[in-house]
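# Fold and contact review
Single-letter residue listing:
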Amino acid sequence: EAAVTQSPRNKVTVTGGNVTLSCRQTNSHNYMYWYRQDTGHGLRLIHYSYGAGNLQIGDVPDGYKATRTTQEDFFLLLELASPSQTSLYFCASSDERGSNERLFFGHGTKLSVL
Amino acid sequence: GDSVTQTEGLVTLTEGLPVMLNCTYQTIYSNPFLFWYVQHLNESPRLLLKSFTDNKRTEHQGFHATLHKSSSSFHLQKSSAQLSDSALYYCALSRKNYKPTFGKGTSLVVHP
């Protein structure tokens with residue numbers, strides 16, 4: 001089974017705080033994704049990347065930055081966190097975009113912005 | 001862009017009854033890939049089944065779905081619900097060189 005590891009598992013910060021969520025995959029996958037999950041909204045795509053140094057904008061990018069430093073590592077940055085960003089964040093990877101390749105998800109990071 | 005619609009936000013069933021979760025989609029691409037992911041409580045989503053062949057039934061772990069391009073549908077079914085089927089189910093669409101699209105999810109609750 002493909003491995004996607006997220007850290008931290010839980011994070012609490014204050015409004016205006018600076019947060020970095022980390023994701024590492026050891027699947028040699030090209031594509032990595034950041035989603036947020038909220039009741040009533042399902043999984044919403046924030047940013048994604050198809051390789052080191054590449055970044056693509058997702059469906060709900062406002063307030064988020066992302067960086068893909070290596071094929072394995074993808075980071076999500078909240079530079080001025082707001083309570084509306086309180087959510088469960090999932091990282092995922094896949095071998096190809098737009099194919100029958102499934103997404104492999106990490107265990108999630110629960111973020112609370114007070 | 002693409003869209004996936006799951007009409008029911010919550011489905012509540014008695015154990016032993018059949019399950020049907022609806023999924024319809026819109027895309028300009030003629031050969032989309034459709035997926036069902038399942039997410040149990042405190043876990044991450046994982047693939048349940050997938051298809052890209054029109055009118056072909058695909059099955060996994062007692063669940064089945066058939067992609068019908070004529071009606072743009074990919075409904076998830078199971079003949080007899082089990083307590084362990086209680087989970088959040090996502091329908092998703094993927095197409096060549098485009099980001100994946102998820103529905104909003106259907107929460108299935110199976111009670112004794």
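Note on numbering: residues in each chain are counted from 1, in written sequence order. Each chain gets a letter, beginning with A, and each ligand a number, beginning with 1, in the order they are written. It should be noted that, the model being predicted, local features are given only for residues of pLDDT at least 70 and side-chain atom pairs only at 80 or more, the latter also being counted only at that level, while totals for whole chains, interfaces and linings use all residues. Working from all heavy atoms in the structure, the side-chain values ignore hydrogens and water.

Taken together, the contact pairs 22 residues of chain A with 21 residues of chain B. Here chain A packs against chain B, burying approximately 1800 Å² in sum over the two surfaces, 56% of which is carbon and sulfur. Any carboxyl oxygen of Asp or Glu within 4 Å of a side-chain nitrogen of Lys or Arg constitutes a salt bridge here. Seen at the junction of chain A and chain B, the total is 1 salt bridge. The shortest N-O distance in the salt bridge between Asp59 of chain A and Lys99 of chain B comes to 2.6 Å. Here a polar contact is recorded for every N or O atom pair within 3.5 Å, except that within protein the pair must consist of a potential hydrogen donor and a potential acceptor, and residues adjacent in sequence are included only if both atoms are side-chain atoms. Scanning the region where chain A abuts chain B turns up 5 residue pairs in polar contact (both at pLDDT 80 or more). Of all elements in the fold, only strand E4 (31-38) and strand E5 (42-49) of chain A reach the threshold of two or more residues within the side of chain A that touches chain B. Strands here are runs of E lasting at least two residues and helices are runs of H or I lasting at least four, both read from the DSSP assignment and numbered beginning at the N terminus. Sorting elements by how many residues they give to the side of chain A that touches chain B places E5 of chain A first, with 4 residues. Note on contacts: a residue pair qualifies if any of its non-hydrogen atoms lie within 4.5 Å across the two residues. The term buried area denotes the loss of accessible surface (1.4 Å probe radius) that occurs when two parts are joined, taken as the sum for both partners.

Attention now goes to the sheet that holds strand E7 (residues 57-60) of chain B. Residues and elements named next belong to chain B. Two strands form a pair only when DSSP identifies at least two bridges running between them. The strand order across the open sheet built from 4 strands is E3-E9-E8-E7, with neighbouring strands paired in antiparallel fashion. Each edge of the sheet is formed by a strand with only one pairing partner; in this case those strands are strand E3 (19-21) and E7. Going from strand to strand, the sheet's axes swing by 20° on average, the running direction of each strand aside. Summarising the sheet, strand E8 (residues 63-66) and strand E9 (residues 76-78) pair through 3 bridges and their orientation is antiparallel. Bridge assignment links His64 to a residue of E9, and that residue is Gln77. Angular values range over 0 to 180 degrees, each being the angle between N-to-C directions of two axes fitted as lines to C-alpha atoms, with helices fitted over their stretch in contact.

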